[in-house]
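The residues making up each chain are set out below.
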Amino acid sequence: MNRRILILAAAALLATTSVNAGESDYPNKPIRMIVPYAAGGVTDVISRAVANQMAKQLNQPVVVENRTGAGGNIGTDLIAKSTPDGYVVGIATNGPMAANKTLYSSLNYDPEKDFSPVTLLFSIPYLLFVHPSVEADNIHELISLVKANPGKYNYAHGGVGTAQYFAGERFVSMAGVKLGSIAYRGEAPAVVDVLGGHVPIGIASYTSVGPHLATGSLRVLAVTSKQRSALLTKVPTLDESGLTGYEVQPWFGLAGPAGMPADVIQKLHAAAVASLTSSEVSKAVTDIGGATVSNSPQEFSDFISSEIPRWAAMAKESGAKIE
């Protein structure tokens, strides 16, 4: 078990129990957890596992509500506009909390001012994979192949503005190759077209690609995270593969609206961090090739501020813009 998570969980629990019981009887009713993405997806599945475990810690139901649309902006805006009493929290991700500030012409919220960050929860890598017909066994060979055949190769991804898209465009930039971008409505149809040989290269999560690796229907050449995936320990990162400094992976945290009381934030933080040590959440994250992450509310706030310019640079680099 991640030693840092255990230490944070103990510290958060101590901080919570040290608050004078007379200050607040929070929580004394169900808590809403806004997930700004569709039901059934990776974010939703793990968020529900976290909510279930937090409910056990807080002795109140934590009810997940999916509020989709505008790349996560609609649900995230709902979190920001909620009453800051701790009864509405939500999943904060790299899209609406970082990349979308540049990607969209305007947002109805400020990622740095309109939220009370609680903690990071988990992150996942993407896989750069190819159809078996692609004559490349590693990233170096793939780059050489694409450079030798300008205009021939494309890559499939789950949509312009998604982290998969930025991962692909970052690869194109750092590798110095001309690689066409083909957008799909989600990663599942993108993977299907690579499976069918219609597109030679793809970028998607382990959830969609994993089932096809054992059969040899797809081959993974690298992962987009800074560290190797625990499920694919023999697969190098793009950073290890010669693209020094490459790192693109989505992250997921917990936040509420700005102005939540300190003791409420402490209780939510303790419950969230404790949920990460449960077998339910750790297995859910491991099954998708991800890793649990946790930090303090201030560390999460600082992290968000540091991520905004990083994702802004990738958005500008790609040239993508959504009105």
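Residues numbered from 1 in each chain as written. Predicted model: local features only at pLDDT ≥ 70, side-chain atom pairs only at ≥ 80, totals over all residues. Heavy atoms only, no water.

Asks: Account for the pairing of strand β4 (residues 115-123), with residues named and values stated.
Replies: By the criterion of burial, β4 is predominantly enclosed, with 9 of the 9 residues buried. Pairing geometry for β4 and strand β10 (residues 251-257), over 7 bridges, is antiparallel. Its bridge partner lying in β10, T119 is registered against L254. The pairing of β4 with strand β11 (residues 291-292) spans 2 bridges and is antiparallel. Counterpart to F122 in the pairing with β11 is T292. (Buried < 20%, exposed > 50% of the residue type's maximum accessible area, 1.4 Å probe, protein only. Helix = DSSP H or I, 4+ residues; strand = E, 2+ residues; numbered from the N terminus. Pairing = 2+ DSSP bridges.)

Asks: Explain helix α6 (residues 163-175) to me, and be specific about the residues and the numbers.
Replies: With 13 residues, α6 should cover 18 Å at 1.5 Å per step; its first-to-last C-alpha distance of 18 Å lies within 8% of that length. Along α6, 10 of the 13 residues are buried, which leaves the element largely enclosed by surrounding structure. Burial in α6 covers these residues: A163, Q164, Y165, F166, A167, G168, E169, F171, V172 and A175. (Expected span 1.5 Å × (residues − 1).)

Asks: Describe the packing of helix α2 (residues 42-58) against helix α10 (residues 279-287), and please don't skip the residues or the numbers.
Replies: Packing of α2 against α10 leaves a shortest axis separation of 9 Å and a crossing angle of 170°. As the angle between them shows, α2 and α10 are arranged roughly antiparallel. Contacts between α2 and α10 pair I46, A49, V50, N52 and Q53 from the former with E280, V281, A284 and V285 from the latter. A breakdown of the residues in the contact of α2 with α10 according to their chemical character gives 6 nonpolar, 2 polar and 1 charged. (Axes fitted to C-alpha atoms, helices over the stretch in contact; angles between N-to-C directions. Parallel < 35°, antiparallel > 145°, perpendicular 65-115°, else oblique. Contact = heavy atoms within 4.5 Å. Nonpolar A, V, L, I, M, F, W, Y, C, P; charged D, E, K, R; others polar.)

Asks: Residue-level account of the packing of aromatic side chains, with values.
Replies: The full count for this structure, using the stated rule, is 7 aromatic pairs. Ring plane angle 70° and centroid distance 5.9 Å describe the contact between F166 and W311, whose orientation is recorded as edge-to-face. Of this pair, F166 sits in helix α6 while W311 sits in helix α11 (residues 297-318), and the two are 145 residues apart along the sequence. Classification of F166 as buried rests on a relative accessible area of 1%. Centroid distance W251 to F300: 6.1 Å. Interplanar angle 85°. Geometry classified as edge-to-face. With W251 in strand β10 and F300 in helix α11, this residue pair connects regions lying 49 residues apart in the sequence. In this structure, W251 and F300 share a single accessibility class: buried. Here the aromatic cluster, defined as three or more aromatic residues joined through ring pairs, consists of Y165, F166 and W311. Here the guanidinium or amino end of K29 rests over the ring plane of Y87, the centre of that ring lying 4.7 Å away. (Phe/Tyr/Trp six-rings, centres within 6.5 Å; stacked < 30°, edge-to-face > 60°. Lys NZ or Arg CZ within 6 Å of the ring centre and 35° of its normal.)

Asks: With reference to specific residues and values, describe the sheet that holds strand β5 (residues 127-130).
Replies: One open sheet holds the 5 strands; their spatial order is β7-β6-β8-β5-β9, and the pairing between them is mixed. Looking at the sheet topology across the chains shown, the edges are occupied by β7 (180-183) and β9 (219-223). On average, each strand axis in the sheet is tilted by 25° relative to the strand beside it, whichever way the strands run. Two strands pair when backbone bridges link them, and strand β6 (residues 154-157) and strand β8 (residues 201-204) are joined in this way by 2 bridges, in the parallel orientation. Considered in β8, the bridge of Y155 is made with I201.

Asks: Kindly report on the packing of α2 against helix α9 (residues 262-276), identifying the contributing residues and their values.
Replies: It is the contact of α2 with α9, at a shortest axis distance of 8 Å, that shows an interaxial angle of 125°. The orientation of α2 with respect to α9, classified from their angle, is oblique. Crossing hand, α2 versus α9: right-handed. Together, V50, Q53, M54, Q57 and L58 of α2 and K267, L268, A271, A272, A274 and S275 of α9 make up the contact between the two elements. (Left-handed = near helix turned anticlockwise from the far one by under 90°.)

Asks: Tell me about the confidence of the model for the protein, and name the residues and values.
Replies: Within the protein, residue pLDDT values average 93, and 93% of them lie at 70 or more. Overall, residues 16-22 carries pLDDT values under 50, and its contacts beyond four positions in sequence, including any with other chains, amount to 5 contacts. (pLDDT = per-residue confidence, 0-100.)

Asks: Talk me through the nonpolar core; I want residue IDs and the actual numbers.
Replies: Formed by 51 residues in total, the largest nonpolar core has its most connected members in I139, L142, F171, L179 and W311. Considering each element in turn, this core owes the most residues, 7 residues, to α6. When near neighbours in sequence (up to four residues on either side) are disregarded, L179 contacts V146, Y153, N154, Y155, F171, V172 and I201. (Core = buried A, V, L, I, M, F, W, Y, C linked by side-chain atoms within 4.5 Å.)

Asks: I'd love a proper account of the sheet that holds strand β1 (residues 31-35), names of residues and values included.
Replies: Ordered in space as β2-β1-β3-β10-β4-β11, the 6 strands form an open sheet in which the pairing is mixed. Both edges of this open sheet fall to β2 (62-66) and β11, since each of them pairs with a single strand only. One ladder, built from 5 bridges, connects β1 with β2; its direction is parallel. Along β2, the bridge assignment pairs V35 with N66.

Asks: If you had to explain the pairing of β6 to someone new, which residues and values would you point to?
Replies: With 4 bridges connecting them, β6 and β7 associate as parallel partners. If you follow A156 over to β7, its bridge partner there is I182.

Asks: Tell me about the pattern of salt bridges, and please be specific about residues and values.
Replies: Evaluated as defined, the whole model comprises 10 salt bridges. One salt bridge in this structure joins K283 and D287, with 2.7 Å as the shortest N-O distance. On the criterion of helical spacing, the pair formed by K283 and D287 is a turn pair, its members being 4 residues apart in helix α10. In this structure K283 comes out as exposed when scored by relative accessible area, which is 51%. Given the relative accessible area of 41%, D287 is considered partly exposed. (Salt bridge = Lys/Arg side-chain N within 4 Å of Asp/Glu carboxyl O.)

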